[in-house]
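Listed below, chain by chain, are the residues.
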Amino acid sequence: MNNREVPLVCVLLALTLMLVATRFYPGGTLDDPTVVGFDWSRHYLTNLFRPVALNGQSNPAMPYAMAGVWIYCV
């Protein structure tokens with residue numbers, strides 16, 4: 001891999017990690033805490049970075065979201 005491919009690989013890896021984070025998000029919205037999962041039309045991307053999801057459960061998606069943002073910054 002040459003130096004030209006590094007940014008593309010980082011962006012694709014960051015996007016993949018963010019999509020994985022949306023799969024692990026337990027759920028809940030501001031209007032309805034019983035909603036399960038992440039819905040792009042009902043959630044903000046910043047919800048993935050909370051230690052506790054909007055439904056009150058711990059958020060296993062947070063490490064993936066944080067890693068995705070850090071890799072995107074690289």
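Details of the structure are given in the entry above.
To start, this report covers the structure provided alongside it. A quick note: this is a predicted structure, and the numbers were derived from the prediction, not measured. Throughout, residues of each chain are indexed from 1 in the direction in which the sequence is written. The model is predicted, so local features are restricted to residues of pLDDT at least 70 and side-chain atom pairs to those at 80 or more, both for listing and for counting; the totals for chains, interfaces and linings are taken over all residues. Side-chain numbers come from the whole structure's heavy atoms, not from hydrogens or water.

1. Some thoughts on the packing of aromatic side chains
Stacked, tilted and edge-to-face are the three classes applied to pairs of Phe, Tyr and Trp rings, where Trp contributes its six-membered ring and a pair requires centres within 6.5 Å; stacked means planes under 30 degrees apart, edge-to-face means over 60, and tilted covers the rest. According to the stated counting rule, one finds three aromatic pairs in the structure shown. Centre to centre, the rings of Phe24 and Tyr64 are 5.0 Å apart; their planes meet at 15°, and the pair counts as stacked. Of this pair, Phe24 sits in helix 1 (residues 5-24) while Tyr64 sits in helix 2 (residues 62-73), and the two are 40 residues apart along the sequence. Overall, Phe24 belongs to the partly exposed group, its relative accessible area being 40%. Per-residue accessibility, obtained with a 1.4 Å probe over protein chains only, is compared with the maximum for each type, and a residue is labelled buried under 20%, exposed over 50%, and partly exposed between these values. Of the residues examined, Tyr64 reaches a relative accessible area of 32% and is grouped as partly exposed. Clustering of aromatic rings is evident, with ring pairs tying together Tyr25, Phe38 and Trp40. Helix and strand definitions follow DSSP, with helices as H or I runs of at least four residues and strands as E runs of at least two, each counted in order from the N terminus.

2. Remarks on helix 1
The terminal C-alpha atoms of helix 1 lie 29 Å apart, and with 20 residues this matches the ideal 28 Å at 1.5 Å per residue to within 8%. We call two residues in contact when some of their heavy atoms are within 4.5 Å. Looking at the buried positions of helix 1, the neighbouring elements they touch are helix 2. Helices are assigned an expected span. That span is 1.5 Å times one less than the residue count.

3. Examining the nonpolar core
Judged by nonpolar contacts, Met18, Ala21, Tyr25, Phe38, Leu48, Ala53, Leu54, Ala61 and Ala65 together constitute the single largest core of nine residues. Apart from the residues within four sequence positions on either side, Tyr25 is in contact with Gly37, Phe38, His43, Asn47, Leu48, Ala53, Leu54, Asn59 and Ala61. Within this scheme, the nonpolar core is defined by two criteria: the residues are buried Ala, Val, Leu, Ile, Met, Phe, Trp, Tyr or Cys, and they are joined through side-chain atoms within 4.5 Å.

4. Some words on the packing of helix 1 against helix 2
Contact geometry for helix 1 and helix 2: axes closest at 8 Å, N-to-C directions at 165°. Taken as axis vectors, helix 1 and helix 2 run roughly antiparallel relative to one another. Considering the relative orientation of helix 1 and helix 2, their crossing is left-handed. Here helix 1 contributes Cys10, Val11, Leu13, Ala14, Leu17, Met18, Val20, Ala21 and Phe24 to the contact with helix 2, which in turn contributes Tyr64, Ala65, Ala67, Gly68, Val69, Ile71 and Tyr72. Each residue is assigned to one of three groups, with Ala, Val, Leu, Ile, Met, Phe, Trp, Tyr, Cys and Pro labelled nonpolar, Asp, Glu, Lys and Arg labelled charged, and all others, Gly among them, labelled polar. Here the residues of the contact of helix 1 with helix 2 sort into 15 nonpolar, one polar and no charged. Angles shown run from 0 to 180 degrees and are taken between the N-to-C directions of axes, each axis being a line fitted to C-alpha atoms and, for helices, limited to the stretch in contact. Should an angle lie under 35 degrees it is considered roughly parallel, over 145 roughly antiparallel, and from 65 to 115 roughly perpendicular; all remaining angles are considered oblique. In this scheme, a crossing is called left-handed if the near helix is turned counterclockwise away from the far one by less than a right angle; it is called right-handed if the turn is clockwise.

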